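Residues per chain are reported as follows:
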Amino acid sequence: MKQSRVLAKWGVIAALAFGVAACTATEPAKPTAASDAANQRALIAEAQAQLDHRDYPRATVLFTKAVEADAKDPAAHLGLARSFSGSGEREAALPEFDAAIAAAQGANAGLAAEALQGKGVVLLELARFDEATAALTGAVEAEPRLWRAWNALGYRHDRARDWKAADAAYTHAADAAPAGAKATVANNWGMSYMARKDYAGASDRFQTALAVAPGMTTARENLRLALAFQGRYAEAMTGVEDKDLAMTLNNVGYVAFLRGDLSHAEAYFLRAMEASPAYQEKAARNLQMLSSLKRVSAAPAAGGVGAR
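About the criteria used
In every chain, residue numbers begin from 1 and rise along the written sequence. In view of the model being predicted, local features appear only for residues whose pLDDT reaches at least 70, and side-chain atom pairs are presented and counted only at 80 or more, with totals across whole chains, interfaces and linings using the full set of residues. The side-chain numbers reported here are obtained from all heavy atoms of the structure, hydrogens and water having been left aside. A run of H or I in DSSP becomes a helix once it reaches four residues, and a run of E becomes a strand once it reaches two; helices and strands are each numbered from the N terminus. Identification of polar contacts relies on pairs of N or O atoms within 3.5 Å, with a donor-acceptor requirement for protein atoms, meaning one able to donate a hydrogen and the other able to accept it, and with residues adjacent in sequence counted only if both atoms are side-chain atoms. The contact criterion used is simple: two residues touch if any of their non-hydrogen atoms lie within 4.5 Å. Categorising residues by exposure relies on relative accessible area from a 1.4 Å probe, with only protein chains included: less than 20% of the type maximum marks a residue as buried, more than 50% marks it as exposed, and the intermediate range marks it as partly exposed. Angular values range over 0 to 180 degrees, each being the angle between N-to-C directions of two axes fitted as lines to C-alpha atoms, with helices fitted over their stretch in contact. When an angle is under 35 degrees it counts as roughly parallel; over 145 it counts as roughly antiparallel; between 65 and 115 it counts as roughly perpendicular; any other value is oblique. Handedness of a helix crossing follows the sense of rotation of the near helix relative to the far helix, less than a right angle counterclockwise being left-handed and clockwise being right-handed. Each residue gets one of three labels, nonpolar for Ala, Val, Leu, Ile, Met, Phe, Trp, Tyr, Cys and Pro, charged for Asp, Glu, Lys and Arg, and polar for the others, Gly among them. In this analysis the probe radius is 1.4 Å and the grid spacing 1 Å, with only protein atoms considered; a cavity is a set of points the probe fits into but cannot get out of, a pocket is an open set with protein on both sides within 12 Å along at least five of seven lines, and lining residues have an atom within 4 Å of a point. Grid points are joined across faces, edges and corners, and a volume is the space filled by probe spheres set on the points. Each reported salt bridge corresponds to a side-chain nitrogen of Lys or Arg within 4 Å of a carboxyl oxygen of Asp or Glu. Residues belong to one nonpolar core when they are buried, are Ala, Val, Leu, Ile, Met, Phe, Trp, Tyr or Cys, and are joined through side-chain atoms within 4.5 Å.

### Comments concerning the side chain of D261
Along the chain, D261 falls in the loop between α13 (245-258) and α14 (262-275). In this structure the side chain of D261 is engaged in a polar contact, spanning 2.9 Å, whose partner is the side chain of H264. If sequence neighbours within four positions are ignored, D261 has contacts with Y233 and A256.

See the structure below:
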């Protein structure tokens, strides 16, 4: 933002000799390129602080001012793109990512790669998969340490059921991720194994996530499901807190149902009903579904004994 013109301060000096009053004035200070650049840096720093605190509306306002002040500033465009993305305004974010890439080309390759990464993630969220793959691939080719891009590529390959490519992408993501993000990568990799129905492999990844971040609720719940899909129901229930007991019983029961283990499914649904009134209706519906399946299974097949 251009520095606003500084108002000059007028000083009035009383000249005691002869009783004559004389006035002097200072010239208004003129903005300089250095002061403009300093103001722009300060504005972007303030905007980034709001973005870091996930105050996306405020960050959007400040980054918009930064773009208006210097339309060629790639950091301003990248920050505005991230603010739009955080607010869920993905379509609005895309042209700002493009502007950041264009402004950074040749001058700031690292920032251009980050903008490509952000663009790729947004395109993935918009289900524009081919465009997303191109952007994310370009990002990691320019900067191989962009773990979010690798993580997103892993998800893209999961959707395509290209498990070999997914494993390669998650391996890169796990290697490049900072300590605070390694659990996220491990959890996502575990979900990749769940999609393959490799529940033992999924368990290993979820346990890796929990080893890094023991309080990661998502990984713990995912581990319970992976164990249940292996028929390891008792392990799946280990350490469940009272407040989560009914939910977990119901979930484990549903997994048992999907596995065709109807006796365990019924037992867990009944226990869920007993554990919490809030789960009585949900577990009751599951029991009704289970009962219907049993009746269908018990019915004689068409053309079988007793058929006419």
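Moving on, there is more to tell.
### So, the environment of A109
By the element assignment, A109 lies in helix α5 (residues 109-125). Taking relative accessible area as the criterion, A109 reaches 61% and is therefore assigned exposed. Between the C-alpha atom of A109 and that of A142, which follows or precedes it by 33 residues, the distance is 7.5 Å.

### Focus: the packing of α5 against helix α6 (residues 129-142)
To describe two helices that pack against each other, one gives the angle between their axes and the distance between the axes. Interhelical geometry of α5 versus α6 gives an angle of 155° and a closest axis separation of 8 Å. In terms of orientation, α5 lies roughly antiparallel with respect to α6. Every pair of crossing elements has a handedness; the one defined by α5 and α6 is left-handed. In this structure, α5 contributes A113, L116, Q117, G120, V121, L123 and L124 to the contact, and α6 contributes F129, E131, A132, A135, L136, G138, A139 and A142. Grouping the constituent residues of the contact of α5 with α6 by class yields 11 nonpolar, 3 polar and 1 charged.

### Some details on the layout of surface pockets
Looking at the largest pocket, its volume works out to about 610 Å³. Together, 17 residues line the largest pocket, and Y56, R82, S85, G86 and R148 are the ones closest to its centre. Looking at the lining of the largest pocket, the elements that each hand over two or more residues are α1 (33-52), α3 (74-86), α4 (90-104) and α5. The greatest single-element share of the lining of the largest pocket, amounting to 6 residues, is contributed by α5. Per-class residue counts for the lining of the largest pocket are 5 nonpolar, 5 polar and 7 charged.

### Looking at the environment of R161
Mapped onto the fold, R161 is located in the loop between α7 (147-159) and α8 (163-176). Here the alpha-carbon distance between R161 and A195, two residues 34 residues apart in the chain, equals 8.6 Å.

### Side note on the pattern of salt bridges
Where charged atoms from two side chains of opposite charge approach closely, those side chains can pair. Tallying each qualifying case throughout the model produces 14 salt bridges. The salt bridge partner of D244 is K243, with a shortest N-O separation of 3.2 Å. The class of K243 is exposed, set by a relative accessible area of 67%. Taken together, the shared-partner salt bridges in this structure form one network comprising E91, R128 and E131.

### With respect to the nonpolar core
F63, F97, V252 and L290 are the most contacted members of the largest nonpolar core, which has 80 residues in total. Residue contributions to this core peak at 7 residues, all from α5. If we ignore the near neighbours within four places in the chain, the residues touching F63 are I44, A47, Q48, L51, A75, A76, G79, L80 and S83.

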